[in-house]
Amino acid sequence: MTFSFLVTVREGVEMALVVAILLGYLRSLGQRRQFRAVWMGVGVAATACVLLATALELVSRELDDRVVEAFEGFTMIFAVVILSGMALWMRRQAAGMSRELRQDLDRALSRGSMTAIVLLAATSVGREGLETTLFLFAGSTNGSSGVPFIAGGLLGFAIAALIGAAIYHGSSRLPLKQFFFASGLVVIVLGAGLLATSVTKLYSAAIITNLGDRPWDTEHLVSITSTPGKFLNTLLGYDSAPSTLQIGLYWFYLLGMGALYLFLPSARRVPRPAEVPGPAPGGAPSP
Amino acid sequence: MSRFLFLVALVVPVLLAACGGDDAPRRTIGITQTDDACIPQRPVVTPRERITFAVTNDGKKDREVEGIEGMKFEEVLVPSGRTRNIDWTAPSNQGVQKLKCYVPGGSTVIVEVNVIDPKETVTASLIEYSITADKSFVAAGAIRFVGRNTSQSQIHELAILRPKADGSFENLGEVENIAPGKSGDILLDLPVGKYVFACLIAPGEAGSTVDHFKQGMRLDFEVK
């Protein structure tokens, strides 16, 4: 029971974290009414996973590993792209805000942005959920998945949902500026891990054939097969013997996004009359 | 409210993870991956036995191991030249658990982990230079063979051999390196037939200067 619990709580926390970030983002835009769309995306993805796993189990087939790994790899890259865009937008808004923060932003999202957000929620749940449900359901016909096993799995998802709720509610207490800043940091760290992990998935799918050398091995310090190691792997992309491609992508993203994050110019504010710039060089005098 | 939720959500998993305490000893089964194979292909375990698979990749390509068809073994990538230790607990029902051992996008080998609950146990006592057993025959099926070293000073081993038509033997499995005064066991699923218990230590091995088998450490045995 502990085993299934640890698997689902680990994957569940990653799903819940992404959903909490997305909902927080929508809330910061004053778009709480769009929460429904996100929940529908999550619901559809979760249901699809359960249905697919059940169907496969009933006909005693297994999904081609390479297909699952490729799906995971590409959805991870998609997630990194969308999350990065969100983080940079939030950063620009945060930087441009005056001290008298307007908490009641009502910024409508374009249809494209909303679609991207719902897709991100759905693919995040679908990606982690697919592998987890396939793993939990598999072999239930050969008697090795009893009631405690399923119960442990469900409990894990429940705890993960609680953690997600706690993160969401906690972040909603933060002043907008701090919320943007914190979310951005979380996204950068998550994103670096996701990007590094995505290439290992594509490698497992035989889409990438060479990851490069593996310059070190920290397996004796934190084993990738231990419980803490697996948590670090899922949430932060930890690998005890990472390849140069993983290392390169990780640091490129972390430092690149970090730099953008620190040095991105703030969003333009509407200038007050006193701020109208003076005469252009060599040009006409100001009115 | 959110703080309370957070505390609950943190405390419960820590408690559960701590309770699933991992202090009980585990038996290590080594799996060696080469470019074409994964050895051994049919390790044997008992129901609920706690195992550590020590997977060593001796090949040039990275390999992965993953439980399939319900085996609760999450996938692990074993880079070329490295070893990874993976803990696993056998299920409570007998049967075959399948471990897929493969090169991403390449060759696949299935390691069949046999979960066997032995109904019978045969104990063979080993001493220089003879073997005696507490039974001369046993029923076919899952059998636990125990090798008991009753010597004071010499290491022995217990091998279970099947005589072939040409006079040679097929080694079905052995318990090696049993120290004086100690025991070791091995599980085998044997069909009806005639078998031989043997100690195969040769001159130069385990501090011995003689061939144990030639000196008389052999005993006929039957599965009915």
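Before any of the text, the structure's been laid out above.
Here the residue numbers are simple positions, counted from 1 along each chain's written sequence. Chains carry letters from A onward and ligands carry numbers from 1 onward, assigned in written order. Whole-chain, interface and lining totals are the exception, using all residues; otherwise, since this is a predicted model, local features are given only for residues with pLDDT of at least 70 and side-chain atom pairs are given and counted only at 80 or more.

Asker: How should the pairing of strand β15 (residues 169-178) of chain B be read in this particular structure?
Answerer: Looking along a regular strand, one sees side chains alternate from face to face of the sheet. Residues and elements named next belong to chain B. Strand pairing follows a simple DSSP-based rule, namely that at least 2 bridges must link the two strands. For helices the rule is a DSSP run of H or I covering at least 4 residues; for strands it is a run of E covering at least 2, with both sets numbered from the N terminus onward. Where strand β14 (residues 156-163) meets β15, 7 bridges bridge the pair, whose relative direction is antiparallel. Each bridged residue has a counterpart across the sheet, and for I160 the counterpart in β15 is G173. Counting the residues that bridge the hairpin from β14 to β15 gives 5 residues, and of these G167 lies at a positive phi of roughly 95 degrees.

Asker: Hey, could you run me through unusual backbone geometry in this one?
Answerer: Peptide bonds are mostly trans, and most non-glycine residues show a negative phi. That bond from I39 of chain B to P40 of chain B is cis: its omega, 0 degrees, falls within 30 degrees of zero. Residue position: P40 of chain B is located in the loop between β2 (38-39) and β3 (44-45). The omega torsion of the bond from E128 of chain B to Y129 of chain B falls at -10 degrees, within 30 degrees of zero and hence cis. Along the chain, Y129 of chain B falls in the loop between β10 (120-127) and β11 (130-133). Here A206 of chain A, not a glycine, exhibits a phi torsion of approximately 60 degrees, which is positive. Mapped onto the secondary structure, A206 of chain A falls in the loop between α6 (176-204) and α7 (227-236). Neighbour density around each residue's C-beta defines its exposure: 20 or more other C-beta atoms within 10 Å make it buried, 12 or fewer make it exposed, and counts between make it partly exposed, where C-beta atoms are placed from the backbone. The class for A206 of chain A is partly exposed, based on 15 C-beta atoms found within 10 Å. Phi at R48 of chain B takes a positive value of approximately 65 degrees, unusual for a residue other than glycine. On the secondary structure map, R48 of chain B appears in the loop between β3 and β4 (50-57). Residue class for R48 of chain B comes out exposed when judged on the 12 C-beta atoms lying within 10 Å of it.

Asker: Explanation requested: the sheet that holds strand β1 (residues 27-33) of chain B in the structure shown.
Answerer: Hydrogen bonds along the backbone pair up the strands of a sheet, which may run parallel or antiparallel. Residue and element names in this part refer to chain B. Overall, mixed pairing links the 4 strands, which are arranged β2-β1-β4-β7 in an open sheet. Each having just a single partner strand, β2 and β7 (83-89) make up the two edges of the open sheet. Inspection of the sheet shows β1 paired to β2 by 2 bridges, in the antiparallel sense. The partner of T32 across the bridge, within β2, is I39.

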